[in-house]
Structures are given as C-alpha cells and as structure tokens.
Number of protein chains: 2
Amino acid sequence: MNYYEASLIMHEKYKGKMETASKVKVENRDDLSTAYTPGVAEPCRKIKANPEDVYRYTNKGNTVAVVSDGSAVLGLGNIGAAAAIPVMDGKALLFKEFAGVDAIPICLDTQDPTEIVRIVQTLAPTFGGINLEDISAPRCFEIEEKLQALLDIPVFHDDQHGTAVVVAAALISCSRLTDIPLNELPVLINGAGAAGTAIAKMLLSIGVNDILVCDKSGILSGDDETLNPAMRKLGSETNIQNNKGSLADGIVGRKVFIGVSGPGVLTPELIGMMAKDPIIFAMANPEPEIMPDEAKAAGAAIVATGRSDYPNQINNVLVFPGLFKGALQVRAKRITEKMKVAAAYALADLIPQDQRGAENIIPGAFHPGVADAVANAVSKAWLDRMGD
Amino acid sequence: MNYYEASLIMHEKYKGKMETASKVKVENRDDLSTAYTPGVAEPCRKIKANPEDVYRYTNKGNTVAVVSDGSAVLGLGNIGAAAAIPVMDGKALLFKEFAGVDAIPICLDTQDPTEIVRIVQTLAPTFGGINLEDISAPRCFEIEEKLQALLDIPVFHDDQHGTAVVVAAALISCSRLTDIPLNELPVLINGAGAAGTAIAKMLLSIGVNDILVCDKSGILSGDDETLNPAMRKLGSETNIQNNKGSLADGIVGRKVFIGVSGPGVLTPELIGMMAKDPIIFAMANPEPEIMPDEAKAAGAAIVATGRSDYPNQINNVLVFPGLFKGALQVRAKRITEKMKVAAAYALADLIPQDQRGAENIIPGAFHPGVADAVANAVSKAWLDRMGD
C-alpha cells in the first residue's frame, strides 16, 4: 500500500487527524460553576482590566492559527479552502506532536489579499502566533508584511521562511563539511516563488553573497521590465553583476544548486557545467529536479531532497514547531531575521562534526531534541535582540 | 473559596480549559508520510474532486465554531474579543464534555455586523456548524439571519435559541404538572433583548398564544414608534390586544413571569398582582429578578432560575451540546423551528410523570442522557422535515 492509499484510509477512519481536548473535568455542579458561569466571569474581568492577562488566563500563549486560502497547496496548486483542510490539519498535528503547540486550521474561503489580512487581524485575539501556509506568491509577501505590521504576535509564512531556514542549515553544514566559507559558495536558486525568494534572502543573511535566482524566464535581474515588482526586487538583491540568460547560462561554475521548481529541471549535462563536486538541493515535491542517484552519477558531491526516502531531507518540520514554541515562550512580537539565523545554526549544530558527512548534513525529523534546540535558539535570539 | 476565586486559579493553572489533541500518532517516517506529505495530497485531491468528501476525510462534520465579538458577555456587557475568550473556551469545554463535539473559540476583534457576517462566511469551510455567542441585540438578529442565508451549515445564536428551548421545556413541564394547556397560560416576558425575543417566538411555536413582552420602556406594542424595528416587530407578534403600560400594568392576571432582565426587578407586590399560584422563571444571572424564597413567600407555585444552587435551573447546557450533536449527525443545513420544539419536548420528557414536581420541572445539567435525548430528537426532526 502506498502513502496515498494509507493516508486516505487514515483520514476516513479518524475523520482528519486532530480534535479538541479538555484540560479540566466537568463532572458536577461545582466544576460547572468554576469552569463556566458564574466563575468564568472573573478571568474575563481580569483580562478586560489588564489586556496582558489574556496570556495568564487563556491558552493564547500556546495557540497558533494555521491560515491558508488554499491557493498554492503542496504541488496541487490552487485547490481552495476546503480541499486544503487535510494539509492544515496535518500542520496542526505536527505542531502538537513535535512541540506541544496547539494549532488551529483556518481555511479561508477568499483569496483577496486585503480581505485575508483584515480577517486574520480580527481573528488574532485568541492566537499567540499566525502560521501562514500554502498561499501563492506574490500575494503571500503582501499578506505577511501587512499582517506583521498590524499585529504584535509573530506572523510567519512557513513555505517561505521555514523552507529557507532548513536550506540555510543544510548549507551551513555543507560549508563546514567542505571547509568552504559561505561567502565562497556561488549559489543558483531555481524557482522564484515564495520559497525561492525567502531562501535567497535567508542565504544573504548568513553571509552567502553570490546568488543567482532563475525562473522559467531565466536569470532574474533588477532591470528586467518584464518581471513583476517582487521578482525585480529579488533580481536586484541577488545577481549583483546583472547577468542575463537562461538556467544553462546561470549554472556555469556554480557550486550550489537549490531547486524549488519542478521535476526533471536539472539534467546531468547541467550538473556537468557546475563547479567541481557540486552541492545539489533538489527540493521539488514529490518528484525532485533530479533524482539523487542520477545527480551523484553526474558528479554531485552532496545531494539533498524534500523526500523522506533519501538521505538529507530538507523538511520544514525541523523548523516551524520549535520556532513557534520558542517565539511563544518569550512572547516575541515577530520573527526577526536573527531568530531565523539562530534556528538555522541550531539545526546545523545538531550534527556533531564526527558524524557529519555527504549523507548526513541535516538532522532527520525524528532526531531527538530538534524542536527544543530550535526553540531555545529562537527565544534566546529574541531576548538578545538589539533594536532588530 | 468562591467560584470566582476558584475559576481564576483554574484558568491560571491550566491556561484556559481546552487544548488540541492528535487522533493519530507520528512516531516515524511512515507516520509522517501518511499523515502529512506526500500522503495527505490524496484526501486533498478527493475533496477537490468532490466537495462533499470534506465530511468524509476531515473533522468538519464534528467541528463547531463558537463565534463572539465580545459585545454582550454574560452580565459583563461589551468587554471585547480578548476578555470574552474564557467564556468561549468554556463553551468549547461543554461541547466536548457533554456531547463529544469539537468546538473552536473564535473571538473577533470587530463589532461591525456586515464584517462579522463576511468573516464567518469565509471561515465556514472547516466547520460543520456555527454557534454564535454573546453578541448584543439587535445586531445578533441580523448577523444570524444573514449568515444562515449564506451558509449551508447550521447557524445558531445560543443566547437566543438555547435559552428559548430550555424555557419552552420548563413551561411544557409546568403545563403538564398543573394540567393547564399551554394556550391557557398567559405569559409576561420581562426583557426584550436577544433571549427575550427568542423566548417569545419559541413559546408561540409551542402553542402559547397570550404573551406580553416588557422592556424598560414598558409593554412592547407594534405601533410604538419609539421602539427600534426589531422590538416593534416583537410587539406586534405578541401583545395582540395592543396593551400599553408599565410592567406593573402588564403583569396583572398573568400566570407566568419569565425574566431575562436584571436583579430585583420582580417584587412580592408584583407577584401579588399575578394570577393565583403563579409560575416564576427569574433568569437574570447571577442575581435573579427575585430570589426563590422571596417569590414563594409571595405566592409563587413554581420558581426556576439560572442558578445551580436552587432547584429548576434553566441552563443552556441542556440544549446546545445535544442540539449541535444531532444536527451534525444528519448534516442538517440549518436549525429549524421543529428541531428546537423537538429539543424542548425531549428535555421535558426526561422528567417522568411520577417525579415531576414544583422543584423538578427540568433535568439538571448532569442528568444522564440529556445530550443524546436532545440529539436524537433534533436529528429525527431534521430527517422528518417537510419543506420546513
């Protein structure tokens, strides 16, 4: 039985994967009068008198909204709110299982960015953080930015930043393994959507300074009038020599290929044009840009994918549970760049030097202590912030 | 220690009363690949292909949103979204404990009716029902009506209809106990807010046909230009003789007083002006319109209140868990009048004739089988509907 069949059976048997659970018992009149009326009036009054008390008397401080409009779900595309529920429910499951965070799936039946921002803003009182999920680019940039400006709780688009943090962790590990400093690793990112954009920014944050981003139209550059504003901005922040051309032009001499594009995009011929012993992160899901065996046969020294059936899985589940846990612990008002960098280094640090190798650059999802390592790094980075 | 203190300690200790819980385990890569990617793509695809499959592969069919804008919370008034969380969290607790229904508190940081309607409409994909809660009148009427017209899942404002169903059940029981048919019970309802309005409509549905509704301004009548449209409509649907005057004028000769107003409104003198052996439902919370001992001393034959420390507690918890459970079981698209009437009779029927008495007209919250009795009656009423 494959995972698709098994998943269907699981979802039908259990009706999804999450439910609610009571933390207190209601077995008699006293219980009822304490948990509900009249007793419940007292925490209400306290919160009314002192809004910060919402963290003291409710679960806000451990609750995250997993918000999607269903516009870019997995590799399935724009399938809408209802069809996106199993993914958001799955995210809620991973939040709980990996970090003990209570997450609520919120699948919105609208794809208007302004409306999504306003709705999430009005929903915010019960939540300690907002995890945006599977919202298509470039709408996701605007939604995240506007929401974070309006709210004093963290807003985090996982498809962008979660992916970017794991990629950064894996590249830090590769840098350590190969003894090549991050600023001497020329990188090509193929795919300029939500993930590709965030990866580029994150790599700049950790000191990678030679990045090209390619899309179907070729290498992004800041002066290409045919690109949308987000892509042009991305072209100008990377591609400092203002290169032009196709993926085949851009890949020449690159040490690192990071694919967030589609199956089969990376050929052995293209790998042959890269620098010696190239590093390939082929993360298209479920079919990567090139299969690991083929990449290795073409000369790749290190290969990572998004798949659980090969070594070096680039998996967001390494990041978001611990990142939110850490942010919630210290009531961070947002996720800063330093918190993401701290999370990336915390992940890379989980691989001891003597165990680091071409097939072990990043911990697996079930590596012990991942969420706590990330949470501790993230909360420390928030507490240590200096006007960031 | 009183309930206020106990409640504060409980809320601080547990950080609210509800959490999320996983229905499946995630202990290894296979689990992850089944519950999440790549397997989860399959239920998504199924729902996309057949929207009804959302009930098959997700928890929608057992999930209720408890939606409030914090505008009329308990007796606390307009305390806003954040301060309302403990009540909505408590409601979620009662849904789970009494009926196994998963309920999610949604406290909205807006009090604009049009915006609330639109927001709840966009949230609807993940929910099988909408329980509106603690929204002030007359806004609550418009919000409920518009939402129900837009959605094909039940929308139910509990402060209105939950209260009305329990009151109807208690009055049915009184009619049985006193052997006076419902259409021979002259009723005065004091309070024309959300609850009073719904009680009046519900009593008309069960055959009570002589009703006056009083507000602070006196007896409501259909031709009183000083009233808002909702109240004028209520005045015209009741008060068929177009009486005018104060509460003291209206109460003369009434057999039943139903108070959803404030403490101390009903005096022994007013009770003395009612019909012989009057029936008093004094439901203001936590201080009733008159205390039971005082009402009895003034001649009341039967007294009910909203309090758990006196007999005959008129408590919504008898209704909403079972009502939603029943509606969800048969995927009712709305809550019909017949479903509410069925729920009221199911509650009244739980008191066997030989146990019925002036201090036992309505089951207690922990009476065995309440939620299932209500659920069965409600689901049967939906399945038996004839164009209702």
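One can find the structure itself at the top, above this paragraph.
Residues numbered from 1 in each chain as written. Chains lettered and ligands numbered in written order. Predicted model: local features only at pLDDT ≥ 70, side-chain atom pairs only at ≥ 80, totals over all residues. Heavy atoms only, no water.

Chemist: Can you explain the pairing of strand β10 (residues 279-282) of chain A? Please cite residues and give values.
Modeler: Residue and element names in this part refer to chain A. Alternating residues of β10 divide into Ile279 and Phe281 and Ile280 and Ala282, and every residue in both groups is buried. Pairing geometry for strand β9 (residues 256-259) and β10, over 4 bridges, is parallel. Looking at the pairing, Val256 lines up with Ile279 of β10. When β10 meets strand β11 (residues 302-305), the two strands line up parallel, connected through 4 bridges. Looking at the pairing, Phe281 lines up with Ala304 of β11. Crossover handedness for the path β10 to helix α13 (residues 292-297) to β11: right-handed. (Buried < 20%, exposed > 50% of the residue type's maximum accessible area, 1.4 Å probe, protein only. Helix = DSSP H or I, 4+ residues; strand = E, 2+ residues; numbered from the N terminus. Pairing = 2+ DSSP bridges. Right-handed = clockwise from strand over helix to strand, strands pointing away.)

Chemist: Could you give an account of the environment of Val370 of chain B, with specific residues and numbers?
Modeler: Residues and elements named next belong to chain B. For Val370, the position within the fold is in helix α16 (residues 370-383). Looking at Val370, the relative accessible area reads 5%, which means it is buried. For the pair formed by Val370 and Ala346, sequence separation is 24 residues and the distance between their alpha carbons is 8.5 Å. In this view, Val370 contacts Leu318, Leu347, Leu350, Pro363 and Gly364; residues no more than four positions away in its chain are not counted. (Contact = heavy atoms within 4.5 Å.)

Chemist: Tell me what's going on with the pattern of salt bridges, and back it up with residues and numbers.
Modeler: Summed over all chains, the structure comprises 44 salt bridges over all chains. For the salt bridge of Asp384 of chain B with Lys380 of chain B, the shortest nitrogen-to-oxygen distance reads 2.7 Å. Linked through salt bridges whose partners overlap, the residues forming this network are Glu19 of chain A together with Lys96 and Asp102 of chain B. (Salt bridge = Lys/Arg side-chain N within 4 Å of Asp/Glu carboxyl O.)

Chemist: So what's going on with the packing of helix α8 (residues 158-178) of chain A against helix α9 (residues 194-205) of chain A? Residues and values would help.
Modeler: How two helices pack is summed up by the angle between their axes together with the distance between the axes. Residue and element names in this part refer to chain A. Contact geometry for α8 and α9: axes closest at 8 Å, N-to-C directions at 45°. On the basis of their axis angle, the class for α8 and α9 is oblique. Relative to α9, the crossing made by α8 is right-handed. Between α8 and α9, the contacting residues are Asp159, Gln160, His161, Thr163, Ala164, Val165, Val167, Ala168 and Leu171 on the first element and Ala194, Ala195, Ala198, Ile199, Met202 and Leu203 on the second. For the contact of α8 with α9, the residue count by class is 11 nonpolar, 3 polar and 1 charged. (Axes fitted to C-alpha atoms, helices over the stretch in contact; angles between N-to-C directions. Parallel < 35°, antiparallel > 145°, perpendicular 65-115°, else oblique. Left-handed = near helix turned anticlockwise from the far one by under 90°. Nonpolar A, V, L, I, M, F, W, Y, C, P; charged D, E, K, R; others polar.)

Chemist: Which residues make up the relation of the copies chain A and chain B, and what are the values?
Modeler: Screw-axis analysis of chain A against chain B gives a translation of 0.0 Å along the axis, an RMSD of 0.0 Å, and a rotation angle of 180°. Here the copies are linked by what is in effect a two-fold axis. No C-alpha of chain A approaches the rotation axis more nearly than that of Thr20 of chain A, which lies at 2.2 Å. Both copies present the same face, since 100% of the interface residues in chain A are matched by interface residues at the equivalent positions in chain B. (Least-squares fit on C-alpha atoms with pLDDT ≥ 70 in both.)

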